[in-house]
Structures are given as C-alpha cells and as structure tokens.
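Take a look at the letters that make up each chain.
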Amino acid sequence: MKKIPTYCNQCYNGPDLFNVVVEDGIARSIEPNPACKDISPAEGKVCVKAYGLLQKMYNPNRIKSPLLRTNPKKGRHEDPGFKEISWDEALAILTEKLKETRGDEGLDEAGFPRLAVIMGQAASPAAYSGTFPALLSAWGPIDYTLGAGQGIKCYHSEHLYGEYWHRCFIAASDTPRCKLLVSFGHNTNASGGAAGVLRHARARDRGYKRIQIEPHLSATATTSDEWVPIRVKTDAAFLYAMVHVLLCEMDRGRSCDVPYLKRRTNSPYLVGPRGYFIRDKRSKSPLVWDLADATAKTHDALDIGDFALEGEYTVSGVEIGPDGQEWEHENVSCKPSFQRLIEFIEQYTPEWAAEICDVPIETIRRIAHEIVENAHIGETIEISGETLPYRPVAITLGKTVNNGPGGYQVCWARTVLTMLIGALEVPGGTIGASQRLNKPHHDRWSSIWPGKDGFMQNSLNPTDAKNWSASPQNRARYEQLLPLVLNTGWSPFLSNYPLAWLTMEDDWENIPRTTLPEVVLLYRANPSISMYFTNLIEEKMAKFPFFACMGYTLDETNHFADLILPDHTDLEGLQLFRIGPSVHSESYWTSYGFALRQPVVEPVVNSMDMTDFSTEVADRVGLLEDYNGAINAGLILGIRLKGDASDHELQAGKKYDTEEIWDRLCKAATMALSDGKEERGLSWFQENGYYAVPYPQIRHYLHPVMVRWGLRYELPYQENIRRVGEELANRLHENDIHWWDDQLVEYQTFPECEDFTKIWEDACRQVGADPADYDFWLVNTRSMQFAWGSNVAVPMMAEAAKRVSGFKGALINRSVAEKLGIKEDDIITIESFHGRVRARAVPREGVRPDTIVFTGQFGHWKTPFARDLGIPNLNVLTDPKTLVMDSGGSLADVVKVRVRKEV
Amino acid sequence: MPRWGMVVDLEKCTGCQTCSVACKVENALGPMTDRVVVVEKEMGTYPNVQRIHIPKRCMHCADPKCVGVCPSGATQQRDDGIVTVDQDMCVGCRYCMMACPYNARVFQAVEQSYHSPPSKWEVQRYKEHTVGVVGKCDFCKSRIDEGLQGGLKPGVDPDATPMCVISCIGTALTFGDLDDPASEVSQLIESRETVQFLPEMQTDPSIYYLPRRR
C-alpha cells in the first residue's frame, strides 16, 4: 500500500492537497494530507468532490479512445455516428485542420481569430491542462469569448469593480478575525471549498455571527445565525438603505471611520458644478478643502491640517470631462464627494428599501447598527509586527446578487459601506482574495503603484477617439464595449460571452457580420448545459465548420463535435501547479509554492496527458519553437526556466517528453522560490507532493501598501467611471451603434438604485409577453457535490446530493405548494415565456413564497447517468431577448416563471 | 481499556456529505449501503425556519440491543466499546436491524454496483465485503487497531482515526476515548450541553450530539 500525494482543483478554491492510497495496482481510496495541515487553509483536507475522483477515473462510461464523426449532419436529434480511431489518426486530422486554418496571422477576413477555444469551470481547467496554454500561446490569435459559463455566470461585477477599486477578483471575509459577517447570498458552505467551510467552522467556535440575506435558505444559511429572506435581486436596495442609516440617521462621527475617509478615500475631493472633480488649474490635481486654514489645496498637499468631508465651499479650478474637455471655473460652489454622498443617499431610506426587499424596516436598521457596533472603529491589531486597523465586520456577495443589472450598484454600495467603517482591506474586514485581471496574480501588493489623482494605477481599455478599439479581435467585442475588463490574459474569460454567441452569423446594427470560427477547440466545458439559452447554443455549435472536443464521456456539447479526444482525468495526468498565497476565494495560505498532480495508476482508458497532447500538436503544426519559448518564458507557472541561479531552458525546436518538461519546471520553480538555495526535481515532488515557503500574513491586506504609497481608494465618488462611460458613448454613437445605450446609462458617479423587476418586465413586454403571467422568480443555487467539478457523470456524487434539499427538483414554498395542490415529488411544469421544464416538487419552508429554486445545472440529455437524473436546467428557460446585460457584460441568473401541477 | 466515542457538533455540520462519501470510498460500499448518512431536518415555518444536518451512524451503544438478538454471534461488542459484525458469521437474518433503535444497519441482499457492468475499482474492491449480510459502521476499526499497533492515538493521529472524522471539513466530528477525561471528546461533553439519541431506550450511545445554540 502506498500513499501518493496530489492535489484537487475541481473548483476554484483549490488546489487542496490530499493523498491517494494505491494498492495492488488500484487507486484504492482517498485521504486528507495531514502533512500540509499548517500551511494550507484547508488543513490538508478535501471536500466531497475529491472523494468522487476514483469513481470519475474508473467510470466505464468514459470515452475510451479518440472518436471521429461519420455523420456530417449535426443536430441534437442526429446520430453523430462516432467511430473509434487511433490517436495517430486523430492527431493527424486535428493538426492538418489546424495547419489549413492558420492563414495570415490566424485572422479571418472579418478580422476575427480563425481558431476559438472554449474552456469552462471557472479557474479549474488551468490546473489540469498541463502545457496546453503554451500551445495556445504559440498559436497566436485565439478567440476565447465563446466560453461556457464562467464569466457571465460568475461574481461578475465584483470581478470588474473589485479589481478596479482594490485589486479584488472576489471579496472575502477575513473570517479568522471577523466578528460579524453579513452575506448577501454568498454560499460558502456549497462553493467555498474545504477551506471556506473549515474557516467558518472555526469562526463559529469563536462565536462570530453570520447573517445570511437571500431568497431561500441555502446550505450556508443552515449554519448562519440569522436568515433574512429577501426578494430576488433587491440586495442593492438593502445595502443602499444601510448606507443611509450610517450617514443620515446615525452620528457620522461614530458610525464612520473619519480619519480613514479623509486619508484613504476620495471623500474629501471637491466636486464641481458639472459633476467632475474640481482641479488645480496648473497641476490638474483634484482639490480638497482644508478646514485648518479655510483654503482649497490639492489633495496631496503636504500642509493640509484637516480635510473637509462635509459642507460647501467656494473655489476656483478646472473640471475635466470626457475626451479632454475642460471647464474652467472662478469662485464656484463645490462640495466634497462625501457631502454629495450624504445628499445622494438620503432618498434611500429603510422604509423605501423594506417595501422593495420585502424585509421589515427594523431588520434593515438593526443590521446597519450591528455593523457599526461590531466595527471597533479606532481600534488596531498587530499583524506580522505592524499595527493595522482592526475592523471585524465583513460583507460578502453571492453570484446572482452581483451579476446582471444591479451588479454595479450592489458592489458599489457594499464597498462604500465597508469603506465608511474603514473595514476595506484591513484585518477582520472585507478583503480581496486574489486578482486575475491585474498581474501578478499571486501577489496583489506588487500590482499597486501610484496612478492618477492619488489613486492606484488602473489601465482600463481605452475609450478615447484615438485608441478605442473600433475593430475588436474577438466575437464578444470586450475591448470595445467593456472598459473595466481590461485586455490581459484573463480578460476574455470575463467578457460578455452571450454577445459572441448571439452575433455569430447574425446581422447587428452597424457592426460587421460576426463570422464563425473555422476551428473550435473545447476543454472541460459543456456550454450546451451551462450557457444561457441552450437552444441557441446548440444551433450555433451545429454550424461550427470543425469542432474538436477534449472529452470525458459523451455529452451534450461533444455531440456536435467532429472529433473527440479523451484526455487523462485528474488522477492520471502530470502537472505542477501553484499553491497559495491566495486564490479565488477565502483560501489564504500561510505559505506558498508549488504542488504536483501525478498519475496514481496507469491510465484506465486510451486517453492522453494534456502535456503529451500539447507537445505533439505543437510539433506536428510546426510550433515547437514558440511552444518551448512560451514555457521558457514562464507561461505555465509564472516562472522562467532560466533564472539568476539556474538554467533549465528548453532548446528551441526540440521535442521533449512530458516528464522532462515538468522536471525542468519543478527545478526552476523551487530555485526561484528558494532564492537559488534548493533545487527539487520531478522525482522529489512525486515523493513529497509540494514545496512551499512561508508567506507573510500581512500581505493578505492591501492597507499597508496603500499607506506606504500614500494612496486612496477610488471611492465613493466614481468620477472616472462616469468619464469613461461618456467617452464610450461618444465612440459608439460616432459609429452609429445604439444597441448598447441601456448599458451606457450605468456609468454614474453614484449609481442610482435600479428596479430589476421593472427591467425584466419591460424586456418581457417588448417581446409581446405579459409579465403578469409569471408570478415566481426562478433562481439557481449550488450544492457542494456539484459546485464546478464536472462530475455529473459520477453516481456517488448524485447519491450524496440527493440528501440535499432541492437537489432532486424544484424547491417551492410549502404554503404556496399547498395552495396549488402540489405535494412532495409531484411533477410540476415550470414555464417561462421562452420554454418549459418538468421537475419534481420539493415543498419546503425555507424558500420565499415568490421564489422557485433549482440546484446546479442539469437537464442533460446525452451524458451517461446524468441524463437519467431528471433534474431541470434554468438555462432552458432563458431567452436572449429578456436577459438584459449590464454595463460589465453579465446577465442575471434569474428568470420569471409560472408553475403548474401536472395532471 | 478505552471506550471509543464521538461528539457531533450540530452547530457546524453543513451537510456537505464529505464524511458519508469518504466512508463509502474507504469501506468500498456500493449504492444504498451507506454506513454514515447526513440527514436534513427543517424546523419552523416560513420565515422563521431552520434547517439542521444530522450525521448518523451506528451509535456503538454501551448496551447494544443488536448484540443479544444476533443468533449467530456475528454481532459482538469489543472491550473498547466498538460494536462489530463478523461478515463470515452473519447469516443475514436481520434481527439486529429490527432491534437497532437507530436504524443504523444496512442489509445488502445482492451485489450492487454504481456502474453496469461494474468498474474495475468496483470489481476489485467489492471483494472486501460479503453479500447477504448486514453491514454497519465499525468506527473504521482497522484504522484504530493498526494505528494503535503503530503507537498512534485514535482521535489525535489521522491514521488511527475513523475516515469520517478526518475527512470532515467542518470540524463537526470529534473522536476519542470517552473514559479518558483529558480526551477532546470528554472535554467537549464536560463543557457543553450534549444529547444522546433515544435515551428512553437505555442504550447509552457512544455518540454525543452538541445541539444548535439557537
């Protein structure tokens, strides 16, 4: 019996380290890895999904060798006629097609990449795809904007605005120090991984309080101290009302961290008559009012005695608007942005919000007071020898809460509320978990340096006339439409995917017809199930001229493929991957380094390791030099193979075997991490599993680096966002593009709170439907067994999930069900104006009377085992015409439906 | 001689089912043969609702009702309190299932597999158990016994502790010697209000539950 160390990264909380017990040539069982207890936030444990990996690997329904389509007609009801072929044949077909496709710089006549690559499952494919990214890099232009659900079905607004404001791809509570966590639908117990569950369990031991605000009693609400059943997509109103309580009902000297507001935010910046910061005429720096000597000074003047936050002052200066427009003013009345915030938020009372949210007025008011009472304003704590503010209150947001219309508002209000009590990026408060749009991904501190106006540097996609992208090189047009998505490696994955699918082969106003990609490669994704409006996705996929899918089992997407290529499962492949210091969730490590994923037994079927595949394709297509070059340059681990202390570079054009490549990467990584002191090769990792060095815990908080640079968060006033939006409007209107006008409205300095129901109902009327016919909101929730993971074909997961409320069908409020004559397990029809699904009824008390809940994304019709589960999919009910995209390019994961008992 | 027992913190169980699936993998259990289940219970009416998760398994009672009724002697209680079933001696009469007040035993009439035909893993590992007999949680006694032989301490050292306990990501399960006042289980029982299920049955289970605080 042997224990083989490896990692699990089936969801975005990983990697989590564990051991596989191997006996008599069989991977016998899965165990935690206690050796890493002190460095890993999961303490060497893994969640339920990892225990399903053996069943995943040994699943007899796996695709056993490459498959080639024999029926050229593609469609859901067409038999693809797949026949087994050898790997040599499969690679020859693929690489011939790739060579044919490459053309001039890889772009077609319309300027779009000829090759598109679809990857799914949030961040997890990178942990399994070996050197595949190096192959893609070597290829050149690729369209990644046909993705399978990550992006628009994520914490989208938080990704965009979070990174913009505080380098926060996802916001997390500093749970080990937090006293009060207010969670708007953030479902840690289902999607926070082993580390999330563990950290909150320890916090419960400590007596912290968690208030869960969401339309149904989720897995997380079950272990929360309080569940507040809020109406779907009204979270912004609740948050705005709490900001109102702090600013308009409480003593602001007590409810706010005033020194923090004065020094770390744009609260003191004076706003001119046109709504832009009033600036010094010469330096163009924003002005503040110094109460000490009653004069206006630039925000960074060294002699400021006391920043004015409130009041009205007469100053002279200049405002800068879009496209370099300037307005000079002499002795005009200006107010600090904080004063304007107070005036703006006055309208959003708890009484107003209570009606919208269907939550008692006193609940909103009480929670606002609890936030202040627990904030410990003025107190400090010592971390790594430095004294930092201690503000043990955090506010987190869930997925549906912050995608689609209202996402900007929710993120803004949450971050402003956090800012008011000084709890942003300090111990105990709300902190960023990682960054992905900005670099380096694993070190938030290093991405921060001074930018304009006293804020951290941000490089949005250009909106000025000279640099705006009039001819985007991807089908979602993200660099054209989404300034906050930036244009870095992760940007396509945060783009507005539905637009790419919708516009393909379709005529849209004043944009060139979007072409189909000539070749599409798919890895670990099933867009037929996970994207909105599944019918449209199938229709478009059937048109792909050549579609190659890496495949595990037959499924709803590779049903449309020309070629299916079975890759190794998680326990069969070889790969080194980064661990720590933090990832996409609250997985804060005390060390960071690298862990190995390694084959625990011989491959079970005739599948291929992704690095073997990538090297072979690179060789056959003639890309070996660039492929090796990409690996040398650090594309795989962020580590260059040639460092100051060692040289493990791959020779240009030489073909290496997979073990040799990873051995060099192991050595280079450990040398880089140990400052040239220790070199550990592949065999060492195979024995020991991981290599890590301590990570200073203070670096999990941005506050010290903000203080060091003398920077302010670009909060609460969104002057630049407004300017960018106005420039974008100018560019689009100059090109006679008006179909993005609704989105342009959102670029506001203080975003008006939107009525999501009205937005949906207006869209509904536009397509001739009557919103009154649909009386329930349908929302999705997660269960841990299926949160990401791609394990719908693993029977043991479904068996476990059946013990989770709602997994088997549709959760409906028990009293409402009774009125409709619906009992447990009755088959009900759930109908939007676009489609209809059937589901088993699951009447429960823990769901609002106006809400239906589906768990996960199912509705499979091809995947073995999953197709027999009979569990519905929300995506079947969504329609592109009523799913309104927000300015960040995301859609809300909700739809209005009616429910009938089947007779 | 220790008396092995467990404390289950209902405040912290999230119902993730990691323990139940880890148990199935460790013990090579087929479908519908769970030895550990985590059941949900909803209480109250909207909007004042709670849902709790209750991990359930053999209670390893101090006075186990299953032992006396077993005609073949397959069900035994060890000196350390663990109640076991000898698969070679069990005749599948299921008297023990009738006698168990906790519904903690399962009978596997025929070999069942998740896959048809069974996977390579199932073919190999299902050999570890017999069909037509009763199964139940044995606190992973082989881990405890081998761990003790290796000088390890059950409840402290992972390799000597039941799989459900070491796999629990919510720290809801604690294992140890109920007769050792210094053990973590004894300390928890001493310091918190605890519940043993069905006290009226006078079985004195070795599983103690810490109820929810609210």
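Throughout what follows, the structure given in this document is the object of discussion.

What follows covers the sheet that holds strand β22 (residues 563–566) of chain A. All names here are of chain A. Spatial ordering of the open sheet is given by β5-β4-β22-β21-β20-β6, a layout of six strands whose pairing is mixed. Strands with a single pairing partner mark the edges of an open sheet, and in this sheet they are β5 (83–84) and β6 (115–119). Sheet topology places strand β4 (residues 67–68) next to β5; two bridges connect them, and they run antiparallel. What sits directly across from Leu-68, in β5, is Lys-83.

Another aspect to go through is the nonpolar core. In a soluble, globular protein the nonpolar side chains are often hidden away together inside. Residue and element names in this part refer to chain A. Counting residues in each nonpolar core, the largest one holds 338 residues, and the members touching the most others are Phe-238, Tyr-240, Met-242, Leu-270, Leu-778, Ala-810 and Ile-812. No other element matches the eleven residues that helix α8 (residues 235–249) contributes to this core. Not counting residues within four places of it along the chain, the set of residues in contact with Ile-812 comprises Ala-817, Ile-822, Ala-841, Val-842, Pro-843, Val-847, Ile-852 and Val-899. The next biggest cluster of nonpolar side chains, apart from the first, holds six residues, and it includes Ile-721, Leu-728, Ala-729 and Tyr-747.

Moving on, we get to the sheet that holds strand β29 (residues 836–844) of chain A. Residue and element names in this part refer to chain A. In space, the six strands of this closed barrel follow the order β26-β30-β27-β29-β28-β31, with mixed pairing throughout. Pairwise comparison of adjacent strand axes, ignoring direction, gives a mean angle of 45 degrees for this sheet. Sheet topology places strand β27 (residues 809–813) next to strand β30 (residues 851–855); three bridges connect them, and they run antiparallel. Directly across from Leu-811, in β30, lies its bridge partner Val-853.

That bond from A:Gly14 to A:Pro15 is cis: its omega, 0 degrees, falls within 30 degrees of zero. Tracing the backbone through its elements, the reader meets A:Pro15 in the loop between β1 (2–8) and β2 (16–23). Cis geometry is adopted by the peptide bond preceding B:Pro47, which originates at B:Tyr46 and carries an omega value of 0 degrees. Structurally, the position occupied by B:Pro47 is in the loop between β2 (37–45) and β3 (48–56).

Contact with chain A, which involves 45 residues of that partner, is made by 42 residues of chain B. The leading source of residues in the side of chain A that touches chain B is helix α7 (residues 193–206) of chain A, at six residues. A breakdown of the residues in the side of chain A that touches chain B according to their chemical character gives 24 nonpolar, twelve polar and nine charged.

Procedures and definitions
Residues numbered from 1 in each chain as written. Chains lettered and ligands numbered in written order. Predicted model: local features only at pLDDT ≥ 70, side-chain atom pairs only at ≥ 80, totals over all residues. Pairing = 2+ DSSP bridges. Helix = DSSP H or I, 4+ residues; strand = E, 2+ residues; numbered from the N terminus. Core = buried A, V, L, I, M, F, W, Y, C linked by C-beta atoms within 7 Å. Buried ≥ 20, exposed ≤ 12 C-beta atoms within 10 Å, placed from the backbone. Contact = placed C-beta atoms within 7 Å. Axes fitted to C-alpha atoms, helices over the stretch in contact; angles between N-to-C directions. Nonpolar A, V, L, I, M, F, W, Y, C, P; charged D, E, K, R; others polar.

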